[in-house]
Amino acid sequence: MQAASNPGSYTRLLGKLERAQPLDAAVTAAEPLASRLMSGRKIPSIIRGDTTGIPLHVILTDAPFGTWWSAVFLDFFEDEGSRRAARRLVGLGVVAAVPTALSGWATWSGKDRALKRVGVVHAAANAAATIVYGASWAARSRGRHQLGVVLARAGAVLLLVSGFLGGHLSSGRHASGQGVPRG
């Protein structure tokens, strides 16, 4: 499949991220830990999804993404049951973000330099979303429901950004032309 001759704004942004050499310091810092996550015999097979055909990270993202978006939906209702359920979903998403992040870093370790640059921005957006949702859970737990709602909506924006970047990473395609096999 050939790239469009006039790429859109999103594709140009991805290309800039792929070529952003200032991100190399973060890539270099993260590589040793990410590589360790893929050591051993069974772990890489599970992470890659050799049995299921779907990488583990792709499966695990449904947990934080689903719980957090469900909480945002429940926040449209004012009853106490919806508030309690939303608070629990936000907390569950924060907990689920940990194994999801670890599986993402392990998968990231097998990417080329250009995609690793996008990956560190993806990870930063996820980390920010997790922190914001953690703050949402804390606010809700202290009876500051409206603050928790506002924070969850801000976290949802970060999730959207991260999701687009994650989709690009999982596609394995390059927007910049870097790392593309020459035929």
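Residues numbered from 1 in each chain as written. Predicted model: local features only at pLDDT ≥ 70, side-chain atom pairs only at ≥ 80, totals over all residues. Heavy atoms only, no water.

### Quick word on the pattern of salt bridges
Part 1: Scanning the model with the defined rule gives seven salt bridges in all.
Part 2: Taking the shortest distance from any N to any O, the salt bridge between arginine 117 and aspartate 24 comes out at 2.7 Å. Residue arginine 117 is found in helix 7 (residues 113–141), and its partner aspartate 24 is found in helix 2 (residues 24–37); the two are separated by 93 residues along the sequence.
Part 3: Look at arginine 117 and you get buried, because its relative accessible area is 6%.
Part 4: Close ionic contact of arginine 48 with aspartate 50 constitutes a salt bridge, the shortest N to O distance being 2.8 Å.
Part 5: Arginine 48 gets classed as partly exposed once you look at its relative accessible area, which sits at 46%.
Part 6: On the basis of relative accessibility, which here comes to 45%, the residue aspartate 50 falls in the partly exposed class.
Part 7: Residues participating in the shared-partner salt-bridge network are Asp24, Glu31, Arg113, Lys116 and Arg117. (Salt bridge = Lys/Arg side-chain N within 4 Å of Asp/Glu carboxyl O. Helix = DSSP H or I, 4+ residues; strand = E, 2+ residues; numbered from the N terminus. Buried < 20%, exposed > 50% of the residue type's maximum accessible area, 1.4 Å probe, protein only.)

### Some points on helix 2
Residues that lie three or four places apart on an α-helix share one face, since the helix turns once every 3.6 residues.
Part 1: Look at helix 2: 20 Å from first C-alpha to last across 14 residues, which is about the 20 Å you get at 1.5 Å a residue.
Part 2: Of all the bends in helix 2, the largest measures some 40 degrees and sits at glutamate 31, one to four residues before the proline proline 32.
Part 3: Along helix 2, the residues that are buried comprise Asp24, Val27, Ala30 and Ala34.
Part 4: Buried residues in helix 2 make contact with helix 6 (80–108) and helix 7. (Expected span 1.5 Å × (residues − 1). Bend = angle between axes of the 7 residues up to and from the residue. Contact = heavy atoms within 4.5 Å.)

### A few points about a nonpolar patch on the surface
Part 1: A surface patch of nonpolar side chains, amounting to about 300 Å² of accessible area, comprises Tyr10, Leu160 and Phe164.
Part 2: Topologically, leucine 160 is positioned in helix 8 (residues 145–171). (Patch = residues over 30% accessible without salt bridge, like charges linked within 9 Å, V, L, I, M, F, W, Y side chains within 5 Å. Areas by Shrake-Rupley, 256 points an atom, 1.4 Å probe, with all protein chains shown as cover.)

### What to know about the nonpolar core
Part 1: Counting 12 residues, the largest nonpolar core is built from Trp68, Ala71, Val72, Leu74, Ala86, Val90, Ala97, Ala129, Tyr133, Ala152, Ala156 and Leu159.
Part 2: Broken down by secondary-structure element, the contributors of at least two residues to this core are helix 5 (62–74), helix 6, helix 7 and helix 8.
Part 3: In terms of residue count, the dominant contributor to this core is helix 5 (four residues).
Part 4: Not counting the four nearest positions on each side in its chain, valine 72 is found in contact with Tyr133, Ala152 and Ala156.
Part 5: Formed by six residues, the second largest nonpolar core is a distinct cluster that contains Leu17, Leu115, Val118 and Leu165. (Core = buried A, V, L, I, M, F, W, Y, C linked by side-chain atoms within 4.5 Å.)

### Here's the deal with the side chain of serine 103
Part 1: Take serine 103: it is sitting in helix 6.
Part 2: With relative accessibility at 3%, the residue serine 103 sits in the buried group.
Part 3: Residue contacts for serine 103: discarding those within four places in its chain leaves Ile47, Leu56, His57 and Leu60.

### Structural notes on the layout of surface pockets
Part 1: In this structure, the largest pocket encloses a volume near 810 Å³.
Part 2: What lines the largest pocket is a set of 34 residues, and nearest its centre among them are His57, Thr61, Gly104, His122 and Asn126.
Part 3: The residue makeup of the lining of the largest pocket, split by class, is 16 nonpolar, 15 polar and three charged. (1 Å grid on protein atoms, 1.4 Å probe; cavity = no way out; pocket = protein on both sides within 12 Å on 5 of 7 lines; lining within 4 Å. Points joined across faces, edges and corners; volume = space filled by probe spheres on them. Nonpolar A, V, L, I, M, F, W, Y, C, P; charged D, E, K, R; others polar.)

### Let's talk about the packing of aromatic side chains
Part 1: Applying the stated criterion across every chain yields a total of five aromatic pairs.
Part 2: Between the aromatic rings of phenylalanine 65 and tryptophan 69, the centroid separation amounts to 6.0 Å while the plane-to-plane angle is 45 degrees, which identifies the pairing as tilted. Taken together, the residues phenylalanine 65 and tryptophan 69, both in helix 5 and four residues apart, mark about one turn of the helix.
Part 3: Here phenylalanine 65 falls in the partly exposed class, since its relative accessible area comes to 36%. (Phe/Tyr/Trp six-rings, centres within 6.5 Å; stacked < 30°, edge-to-face > 60°.)

That's the geometry; what it means functionally is another story.
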